[in-house]
Protein chains: 4
Amino acid sequence: VEADCIGSAAHVTMLSRMPAKARLFSAEEKDRVIAELVAIMRQARAGSFDITLADQDVHLAVERTLTGKLGDLGKKIHTARSRNDQVAVDLRLFAKQQLLELGDETIELVNALLGFAAGSAGVPMVGRTHQQPAMPSSVGLWASAYAESLLEDADGVMQAYRQNDQCPLGSAAGYGVPLPIDRQFVSDLLGFSRPCHTVLHAGNARGKVESAILGALVQIMISLSRLAQDLILFTLPEFGYFRLPADLCTGSSIMPQKKNPDVLELVRAKASRVLAAYLQVVEVIKSAPSGYNRDVQETKKPFLDGLETTRACLRIMKRMVTGLEVNEEALRKGFTPEVFATDRALELVGQGIPFRDAYHQVKSNLPELSGMDPAEAVAKKTHLGAPAGLALEILEKRSGQLAAWAKNERSGFYGALTKLLGVSYPLTG
Amino acid sequence: VEADCIGSAAHVTMLSRMPAKARLFSAEEKDRVIAELVAIMRQARAGSFDITLADQDVHLAVERTLTGKLGDLGKKIHTARSRNDQVAVDLRLFAKQQLLELGDETIELVNALLGFAAGSAGVPMVGRTHQQPAMPSSVGLWASAYAESLLEDADGVMQAYRQNDQCPLGSAAGYGVPLPIDRQFVSDLLGFSRPCHTVLHAGNARGKVESAILGALVQIMISLSRLAQDLILFTLPEFGYFRLPADLCTGSSIMPQKKNPDVLELVRAKASRVLAAYLQVVEVIKSAPSGYNRDVQETKKPFLDGLETTRACLRIMKRMVTGLEVNEEALRKGFTPEVFATDRALELVGQGIPFRDAYHQVKSNLPELSGMDPAEAVAKKTHLGAPAGLALEILEKRSGQLAAWAKNERSGFYGALTKLLGVSYPLTG
Amino acid sequence: VEADCIGSAAHVTMLSRMPAKARLFSAEEKDRVIAELVAIMRQARAGSFDITLADQDVHLAVERTLTGKLGDLGKKIHTARSRNDQVAVDLRLFAKQQLLELGDETIELVNALLGFAAGSAGVPMVGRTHQQPAMPSSVGLWASAYAESLLEDADGVMQAYRQNDQCPLGSAAGYGVPLPIDRQFVSDLLGFSRPCHTVLHAGNARGKVESAILGALVQIMISLSRLAQDLILFTLPEFGYFRLPADLCTGSSIMPQKKNPDVLELVRAKASRVLAAYLQVVEVIKSAPSGYNRDVQETKKPFLDGLETTRACLRIMKRMVTGLEVNEEALRKGFTPEVFATDRALELVGQGIPFRDAYHQVKSNLPELSGMDPAEAVAKKTHLGAPAGLALEILEKRSGQLAAWAKNERSGFYGALTKLLGVSYPLTG
Amino acid sequence: VEADCIGSAAHVTMLSRMPAKARLFSAEEKDRVIAELVAIMRQARAGSFDITLADQDVHLAVERTLTGKLGDLGKKIHTARSRNDQVAVDLRLFAKQQLLELGDETIELVNALLGFAAGSAGVPMVGRTHQQPAMPSSVGLWASAYAESLLEDADGVMQAYRQNDQCPLGSAAGYGVPLPIDRQFVSDLLGFSRPCHTVLHAGNARGKVESAILGALVQIMISLSRLAQDLILFTLPEFGYFRLPADLCTGSSIMPQKKNPDVLELVRAKASRVLAAYLQVVEVIKSAPSGYNRDVQETKKPFLDGLETTRACLRIMKRMVTGLEVNEEALRKGFTPEVFATDRALELVGQGIPFRDAYHQVKSNLPELSGMDPAEAVAKKTHLGAPAGLALEILEKRSGQLAAWAKNERSGFYGALTKLLGVSYPLTG
């Protein structure tokens, strides 16, 4: 509802300035329409705006309400605009807000991971290849690797945000109108970075921009799914590396020790859900010819579901990471002598021993490695990004830049809407 | 081969500077190794570098050749580096080159579409919704909408390029090494924008960055598939809007008029192929736990196939668009009176008639519209992005910016490699 | 609700026969429980059975209601059974009913297509390759090919039905119970063909049998999507081969001739939806280890959605085909001389002329073909399955066999349930 | 090559019987053609049949060779047949053979699993839910659940086999021919169960039957992927339940204890590959209109790759299971007291104690369970399909029925080909 009212406010503002034999809206009429639209937005916020079956959809419900209050003035707002136009701008406005929220949520999870990494930077943890114990590593490295993965994912979300940040209004049914509408002006009013250029692409992009956004969400869900899987494994009693927050586990009435990682299993499964949403949208638009086709209706549901699912997963994983407890003793148990072998050989190489000799020397003296201290082994890997060279401040800086970007975008976007509506946006209460 | 030699050249350069009790390589030794690597690259270019079955892979073939020429010096280059390291850096170097080529090819197709649009900007064409004739439009709008779609896709490719443009070297098996390697230095030598930060993420990103790249390619293929479908339809004898270049059609020995659009059908089908490649890679990495897993081997083939397929489709579609001929008469036939109805009603609205009256007036006088001139109808839609307001220079500017970006990137990248290898890169001959 | 009550009725019947130190249910107690379960089923049919938030799910709502009426007797029905057991049997009972309905709906569409084919068997229609006009064909061939496609799809549904038709009860949490339950008896009571054999597979099959069912639905949706696409094309004004039923099209208030094929576009798009549902389920279970995992919860929604979507599409397409009108004149227009060329050459070959000569003769006399009668050309292709050899009775027989199978299955299934519940099933009113 | 020659042999046999003014082939000519075809087949087996670039494909290579030997006789075999016809019949003949081999390979893996289950039927293993230890189970139950899963998958393969087992010949370009060809006769000659009925569906089924087959393969790969994942987990040093055959693991030169499960990781990843192949084929055909479209060419590669991949995985997993060793001691370590809790409570229920009391009693006396014997706990679950009621003979019987079916099919199929070719098929040597 809100996105629809905002779009209409911009459209009517533009119409009130459009040169025409008989001006469609006077400045005063425009203000009355916007005031009613704001009233509807307040109603919607309060949960008291009804969309009846007869309305068919939100667009007609808003139009009906306006017409009820303002008579013909309400009807006129639909001039030089099609329902496709409205759907398109509503989705883009909605997506802008959603992606900014999602950006914040991603950064919060990144920060939670970085905080966790900082708190356990020196805690030794066996590094694995093929899931088998392989080399000395640290909890800090494990956690910060996920933070970095999500930072890259957030860059992808930003790119999808920019692709979405173009105003489709003025496309009408995809072929423009024979009236002197000002598409750049509407775009500015709504706080978009620019108008979609050609009116046909504005229509063809329905579903396509959604697929690009969902593609960015898939990347996030891959990171979350892998994090969830690692946690499911590392909290098994056979590992016990971490303890999950009790309030995010389900128990068993008869097996008091049992803490089932339902939330993590659902996050893992929901990665498939978001991927399926992406595929559905891509498949629909890939087969659709240019120009409006009803097929795109089927892209709306997976798009909304993908956004909601990803955001929910980001929030719950932040709580998960924040409440995660480390069991240093259990972690230490994984350090069998062989885990030290490769590093030891490399050290000998660093001391000038040819590495073939170094390897041989280590291999034939494996038992000697049994006395090695995991913490010392970790402390020796000091180069950039290694367990003892995490330099978390570099990742923190990238996280901070993303947060600043999101704040700045939101400020510009909401500033434009505040000016357009004449009341502070987002509406309060 | 080339990417592998380049990665080794950077690694050995870094090792020659690494502080160690016994320096691993002297400056002179480093130069000898690099000279041999360049020799191998030349051999590979000439098609005379063999990878034997016993080598298993390109990495060992290069090592074997080096060792054959340089003895122990050849063996030492593998110090402080794992095969995963090599695969990862090879793929990223390869992807950088590929994406720059692909970027150019996208821009070339965009420019072909814009050129075609400029040449047929005023040619009327029925605009369709639900594939049914709906409103006056133009060939120029149709073609430039695809140019705009591909420009957006190119932005996505650029984002994937940036994600890829990080140096993974120094990750070793994913947990770093206990030696004072300089990862930033290696990254600079290779012309990467920066090193991947954490060594574990450098490993975990195998497959993930490929999936992000493939996701960007899927967007391109969606645009191409839709363009191909439009062309298949509009070149049917029932439409005849366009004639395909004869050398891109297959004929029938007995039906001389038959021009089968095989190439377009294949482009349409190959969109599914690239989507399947994307799905395969996402599927593999989504289920894989953190740390190296052999599973990622299965991401290489779909990655290479997706890149090659998309590039081939871009090139052939450029030839297709460049050779496309317009049949104005056939296009004009589609303009039945009803096609003018909506625009006509909107014009009346612009003249001050309430739109309900305007609609009624038009609807009851449809036959009057039969005399209307498509070209005039098109000429009346003058606002930004409408058939008579295409402002192609705006899209041309965006295309030019992309081209400049690609040129600049390539220059920085190849400049770094030229400096590293001591010979002009790309190698000639 | 219904499936859950039925499953409980079978379970309690089995428990009442189970040898135990203290029998859990007497025969009379069992009858009381079943009577209450039937009462709940009647309530649910009437829409007056409530599942409260506190209940969490249908299983606990039923248990609460039973306990409210019967006290401890209600609690005891959950003996030797887990909630997983219940979900599993509920889904399989539900799927059995759904697939039988869906089987009927498929057959009805097949019969509609065969009826349409019979009514237009001799109406000439241009056969196409590469979508281009190629050879003489008939409307009857076009329609009956879709009937045959759906008959094959129905065989696949039958196979999925059989895979589903195994009783999972007795699996408990996937590892059985230390009580002498009789799984074969419960399976018989519920009209299943047999019990799932191992209790672990009964659990592991959650999601897997759903994916097999969805795979069968994807095949149906492929057939429907292609039929929809053909109809979208052939009802364009440029073709006009068919007229869609007016009540299944949307119009335009101002363009009275416009009949938008929204329904067909949605069917085409919904094929992607069912495919996405399939992929989601496969992806979830492919990554899940054996034994119960919460992940499978995410398979339920796409499964139900896929079933509902496919059934709705089958029903609407039956209405579409039944109301389809043929425009013989428009169909005849497609017959340009070249369309007859290949057939003509083959005829000459049949008359003993070497085919190279025949081809040459035809090619150099194409204008002669302009006088050919499409109906005659069609009448000459008389072999099995050709336009004049459709032998629709063979497809009708296969359709009849499927209908008989479904009828027989339903009769056995509902007969078992009637016996179990002591009242005629399905419940009336 | 072989499939193509066989198809041609049947076609020419049919043509030699076709009533025509001038018979196309005499019986003697037919025999000469078939003799040459058999010669080509022998050459192909010996690896000495070349397909040159000029041939374009196998069909033309065969035709060229025939014409070289037999002159015009060779050219005539292409009468009343199109290249599509040939591709379609080749693929179906190839698929028949492949699916029979694959069926055997599936049964062999099933039998390996049943053998392994029989050998370790009584070995206790902790049953897991949410991957967490939950209840007493056995190695036999774990292994036989996978056997049962694969038996169901094999049923699906059989269904796909039946769908494929229809002869498409006589479709020509999809619209039949004006000659009295006998499609039923050709179908019988080739050992198909029946001809595809309508000639248009015979063409439209290209890709569709492949997608149905790939769908059946996806089910197998799901089972294999889960089995692989279980084995990866259970062979980690933290579990050590099983030891993989040494020759199916890769090691590390410096960590002698390391046994990497590369094969299992690849099987897991290849499940994604087969799923992607399925998706690609479905995608291509879902969007393709009816009649031949070049798009289907893109279905061939994923189809062949999916078959080959699945078969390779079945074979390697059979070797894996056959060589699997059980570590009973490691398995026993998983049995913490809580694992016995649920079973113990159920036992008390069986002794007449209300289950709420039973649960309470168990819960407050958990330490008492610490002395329990896993083997005894397992022995108490005796009902059908439970750890002590595996009744493997039931699954063995199903496996035997499948084997008998495959043997019978192969015998009928090869018998027909032997008769057609006049030499024993499969060719020897």
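Residues numbered from 1 in each chain as written. Chains lettered and ligands numbered in written order. Predicted model: local features only at pLDDT ≥ 70, side-chain atom pairs only at ≥ 80, totals over all residues. Heavy atoms only, no water.

*Asks:* Sorry if this is basic, but what is going on with the overall build of chain A here?
*Replies:* Summing up its helical and strand segments, chain A has 16 helices and six strands in all. For 429 residues, the compact-globule estimate of 2.2 N^0.38 gives 22 Å, and chain A exceeds it by more than 25% at 28 Å. Its C-alpha atoms give chain A principal-axis dimensions of roughly 95 × 55 × 40 Å. For chain A, with 429 residues in total, the buried portion stands at 66%. Contacts spanning at least 24 positions in sequence make up 77% of the contacts within chain A whose residues lie at least 6 apart. Computed over 48 positive and 48 negative side-chain charges, the separation of the two mean positions in chain A equals 4 Å. (Helix = DSSP H or I, 4+ residues; strand = E, 2+ residues; numbered from the N terminus. Rg over C-alpha atoms; globule rule 2.2 N^0.38 Å. Buried < 20%, exposed > 50% of the residue type's maximum accessible area, 1.4 Å probe, protein only. Contact = heavy atoms within 4.5 Å. Lys, Arg positive; Asp, Glu negative; His and termini not counted. Charge placed at Lys NZ, Arg CZ, Asp CG, Glu CD.)

*Asks:* Just to check I follow, could you spell out the environment of C:Gly251 for this structure?
*Replies:* Residues and elements named next belong to chain C. Here Gly-251 lies in the loop between strand S5 (242–243) and helix H10 (262–287). Judged by its relative accessible area of 53%, Gly-251 falls in the exposed class. If we skip the residues at most four places from it in the chain, Gly-251 touches Lys-258 and Asn-260.

*Asks:* Explain the interface of chain B and chain A to me, please; I cannot follow it from the model alone.
*Replies:* Where interface size is quoted, it is often the accessible area lost as the parts come together. Across the boundary between the two partners, chain B contributes 101 residues, which contact 101 residues of chain A. Surface buried jointly by chain B and chain A totals about 8,500 Å² across both partners, of which 59% is contributed by carbon and sulfur atoms. Of all residues in chain B, the largest losses of buried area upon contact with chain A belong to B:Tyr175, B:His197 and B:Arg226, amounting jointly to 10% of the total for that side. Applying the counting criterion to the chain B and chain A interface returns two salt bridges. Where B:Lys208 meets A:Asp153, a salt bridge forms, and the shortest distance between an N and an O atom there is 2.4 Å. Our count for the chain B to chain A interface comes out at 48 residue pairs in polar contact (both at pLDDT 80 or more). Per-element accounting of the side of chain B that touches chain A gives the leading share, 14 residues, to helix H6 (residues 139–164) of chain B. For the side of chain B that touches chain A, the per-class residue count stands at 42 nonpolar, 35 polar and 24 charged. (Buried area = accessible area lost by both parts, 1.4 Å probe. Salt bridge = Lys/Arg side-chain N within 4 Å of Asp/Glu carboxyl O. Polar contact = N/O pair within 3.5 Å; in protein donor to acceptor, adjacent residues only side chain to side chain. Nonpolar A, V, L, I, M, F, W, Y, C, P; charged D, E, K, R; others polar.)

*Asks:* Got a minute to help me understand the side chain of B:Arg273 in this structure?
*Replies:* By secondary structure assignment, the location of B:Arg273 is in helix H10 (residues 262–287). For B:Arg273, a relative accessible area of 15% translates into the label buried. Apart from the residues lying within four places of it in its own chain, the contact partners of B:Arg273 are B:Asp305, B:Thr309, D:Gln280, D:Glu298 and D:Lys301.

*Asks:* I'm lost on the relation of the copies chain B and chain A in this one. Help?
*Replies:* What relates the two chain copies is a rotation about an axis together with a slide along it. With an RMSD of 0.0 Å, chain B superimposes on chain A once it is rotated by 180 degrees and translated 0.0 Å along the axis. Look at the turn and shift together and you get a two-fold axis relating the two. A shared interface surface links the copies, since 100% of the contact residues of chain B are contact residues in chain A too. (Least-squares fit on C-alpha atoms with pLDDT ≥ 70 in both.)

*Asks:* Just checking my understanding: could you explain the interface of chain D and chain B for this structure?
*Replies:* Of the residues lining the interface, 23 residues belong to chain D; the matching set on chain B comes to 23 residues. Of the roughly 2,200 Å² buried between chain D and chain B on both sides combined, carbon and sulfur atoms contribute 52%. Together, D:Arg294, D:Asp295 and D:Glu298 form the three largest contributors to the area buried by chain D at its contact with chain B, with a combined 24%. D:Asp262 is the partner of B:Arg294 in a salt bridge, and the nearest nitrogen-oxygen pair spans 2.6 Å.

*Asks:* Looking at this structure, I do not really get the environment of B:Lys208. What am I missing?
*Replies:* In this structure, B:Lys208 sits in helix H9 (residues 208–234). Within the structure, the side chain of B:Lys208 is placed 3.5 Å from the side chain of A:Ser223, a separation counted as a polar contact.

*Asks:* I tried to follow the side chain of D:Ser211 on my own but got confused; where do I start?
*Replies:* Along the chain, D:Ser211 falls in helix H9 (residues 208–234). In terms of polar contacts, D:Ser211 uses its side chain to reach the backbone carbonyl oxygen of D:Lys208, at 2.7 Å. Setting aside its immediate chain neighbours within four residues, D:Ser211 contacts C:Gln219, C:Ile222, D:Tyr278, D:Val281, D:Val282 and D:Ile285.

*Asks:* Got a minute to help me understand the packing of aromatic side chains in this structure?
*Replies:* Here the distance between the centres and the angle between the planes together describe a pair of aromatic rings. Residues and elements named next belong to chain B. Following the criterion strictly, the structure yields 52 aromatic pairs over all chains and no others. Aromatic pair Tyr-161 and Trp-405: ring centres 5.1 Å apart, planes at 85 degrees, arrangement edge-to-face. With Tyr-161 in helix H6 and Trp-405 in helix H16 (residues 392–421), this pair connects stretches of sequence that are 244 residues apart. Its relative accessible area of 22% is what places Trp-405 among the partly exposed residues. (Phe/Tyr/Trp six-rings, centres within 6.5 Å; stacked < 30°, edge-to-face > 60°.)

*Asks:* Whenever I open this one, the pattern of salt bridges confuses me. Can you help?
*Replies:* Proximity of charged atoms lets side chains of opposite charge pair with each other. With the rule as written, the count across this model stands at 98 salt bridges over all chains. Residue D:Glu238 pairs with A:Arg128 through a salt bridge whose shortest N-O separation is 2.7 Å. Residue D:Glu238 is found in the loop between H9 and strand S5 (242–243), and its partner A:Arg128 is found in strand S1 (residues 124–129); the two belong to separate chains. Of the charged contacts in the structure, one is a salt bridge between B:Arg206 and B:Glu210, with a shortest N-O distance of 4.0 Å. B:Glu210 matches B:Arg206 in its accessibility class, with the two residues each being buried. One network of salt bridges, in which partners are shared, links A:Lys270, A:Arg273, A:Asp305 and C:Glu298.

*Asks:* Just to check I follow, could you spell out the relation of the copies chain D and chain B for this structure?
*Replies:* Screw-axis analysis of chain D against chain B gives a translation of 0.0 Å along the axis, an RMSD of 0.0 Å, and a rotation angle of 180 degrees. A share of 100% of interface residues in chain D that are also interface residues in chain B marks the association as one of identical surfaces.

*Asks:* Which parts of the structure should I look at to understand the environment of A:Cys313?
*Replies:* Residues and elements named next belong to chain A. Structurally, Cys-313 can be placed in helix H11 (residues 297–322). Separated by 132 residues in the primary sequence, Cys-313 and Ile-181 place their C-alpha atoms 42 Å from one another. Other than its neighbours up to four places away in sequence, Cys-313 contacts Met-221, Leu-224, Val-267 and Lys-270.

*Asks:* I'm lost on the pairing of strand S2 (residues 132–138) of chain B in this one. Help?
*Replies:* All names here are of chain B. For S2, the buried fraction is high: seven of the seven residues fall into the buried class. Pairing of strand S1 (residues 124–129) with S2, which is carried by six bridges, proceeds in the antiparallel orientation. By the bridge assignment for S2, Arg-128 is matched with Pro-133. The hairpin turn running from S1 into S2, its antiparallel successor, is two residues long, and His-130 in that turn takes a positive phi close to 55 degrees. (Pairing = 2+ DSSP bridges.)

*Asks:* Mind showing me how you'd approach the nonpolar core here?
*Replies:* Looking at soluble globular proteins, one finds that nonpolar side chains tend to be buried together. Counting 579 residues, the largest nonpolar core has A:Leu190, B:Leu190, C:Leu190 and D:Leu190 as the members making the most contacts within it. Those residues within four positions of A:Leu190 in sequence are excluded, and the remaining contacts are A:Ile6, A:Gly7, A:Ala10, A:Val89, A:Leu93, A:Cys167, A:Leu169, A:Phe413, A:Ala416, A:Leu417 and A:Leu420. (Core = buried A, V, L, I, M, F, W, Y, C linked by side-chain atoms within 4.5 Å.)

*Asks:* What am I meant to see in helix H9 (residues 208–234) of chain A here?
*Replies:* For an α-helix, the turn length of 3.6 residues means that residues three or four places apart are oriented alike. Here H9(A) is 27 residues long and its end C-alpha atoms lie 39 Å apart, about the 39 Å a rise of 1.5 Å per residue gives. Of all 27 residues making up H9(A), 27 are buried, and the element is well covered by its neighbours. (Expected span 1.5 Å × (residues − 1).)

*Asks:* It is not clear to me how the packing of helix H5 (residues 83–119) of chain A against H9(A) should be interpreted in this structure. Could you clarify?
*Replies:* Packed helix pairs are specified by the crossing angle of their axes together with the interaxial distance, meaning the distance between the axes. Residue and element names in this part refer to chain A. With their axes 12 Å apart at the nearest point, H5 and H9 run at an angle of 20 degrees to one another. Accordingly, the angle class assigned to the pair H5 and H9 is roughly parallel. The interaxial crossing formed by H5 with H9 has left-handed handedness. On H9, the residues that touch Leu-91, Arg-92, Ala-95, Leu-99, Leu-102, Thr-106, Leu-109 and Leu-113 of H5 are Val-209, Glu-210, Ile-213, Leu-217, Ile-220, Leu-224 and Leu-227. Of the residues that constitute the contact of H5 with H9, the class distribution is twelve nonpolar, one polar and two charged. (Axes fitted to C-alpha atoms, helices over the stretch in contact; angles between N-to-C directions. Parallel < 35°, antiparallel > 145°, perpendicular 65-115°, else oblique. Left-handed = near helix turned anticlockwise from the far one by under 90°.)

*Asks:* Which parts of the structure should I look at to understand helix H13 (residues 341–350) of chain A?
*Replies:* All names here are of chain A. Within H13, nine of the ten residues are buried, which leaves it mostly tucked inside the rest of the structure. Inspection of H13 places Ala-341, Thr-342, Asp-343, Ala-345, Leu-346, Glu-347, Leu-348, Val-349 and Gly-350 among the buried residues, and these make up the whole buried set. Considering only its buried residues, H13 is in contact with strand S2 (132–138) and helix H14 (355–363). Two residues or fewer after H13 comes Gly-352, characterised by a positive phi angle close to 100 degrees.

*Asks:* Help me understand unusual backbone geometry, please; the structure alone is not making it clear to me.
*Replies:* Among all residues save glycine, negative phi is the norm, and among peptide bonds the norm is trans. A cis amide bond links A:Tyr425 to the next residue, A:Pro426, at an omega of 0 degrees. Within the secondary structure, A:Pro426 sits in the segment after helix H16 (392–421). At B:Gln56, a residue that is not glycine, the phi angle is positive and equals roughly 75 degrees. A positive phi angle, near 55 degrees, is found at C:His130, a position not held by glycine. Tracing the backbone shows C:His130 in the loop between strand S1 (124–129) and strand S2 (132–138).

*Asks:* Sorry, what's going on with the state of the cysteines here?
*Replies:* Among covalent bonds in proteins, the disulfide is the one between the sulfur atoms of two cysteines. Residues and elements named next belong to chain C. Summed over the entire model, instances satisfying the criterion amount to zero disulfides over all chains. Among the cysteines around Cys-196, which has no disulfide bond, Cys-167 carries the closest sulfur, lying 7.2 Å off. The cysteine Cys-249 is free of any disulfide, with Cys-313 supplying the nearest cysteine sulfur at 16 Å. (Disulfide = S-S within 2.5 Å.)

*Asks:* Quick question: what am I supposed to make of the packing of helix H13 (residues 341–350) of chain B against helix H14 (residues 355–363) of chain B here?
*Replies:* Residue and element names in this part refer to chain B. Look at H13 against H14: their axes get within 8 Å of each other, and the N-to-C directions meet at 140 degrees. What the angle tells us is that H13 and H14 run oblique. Crossing handedness for the pair H13 and H14: right-handed. Contacts between H13 and H14 pair Ala-341, Thr-342, Arg-344, Ala-345, Leu-348 and Val-349 from the former with Phe-355, Ala-358, Tyr-359, Gln-361 and Val-362 from the latter. Partitioned by chemical class, the residues of the contact of H13 with H14 number eight nonpolar, two polar and one charged.

By themselves, these are just geometric observations and shouldn't be taken as functional.
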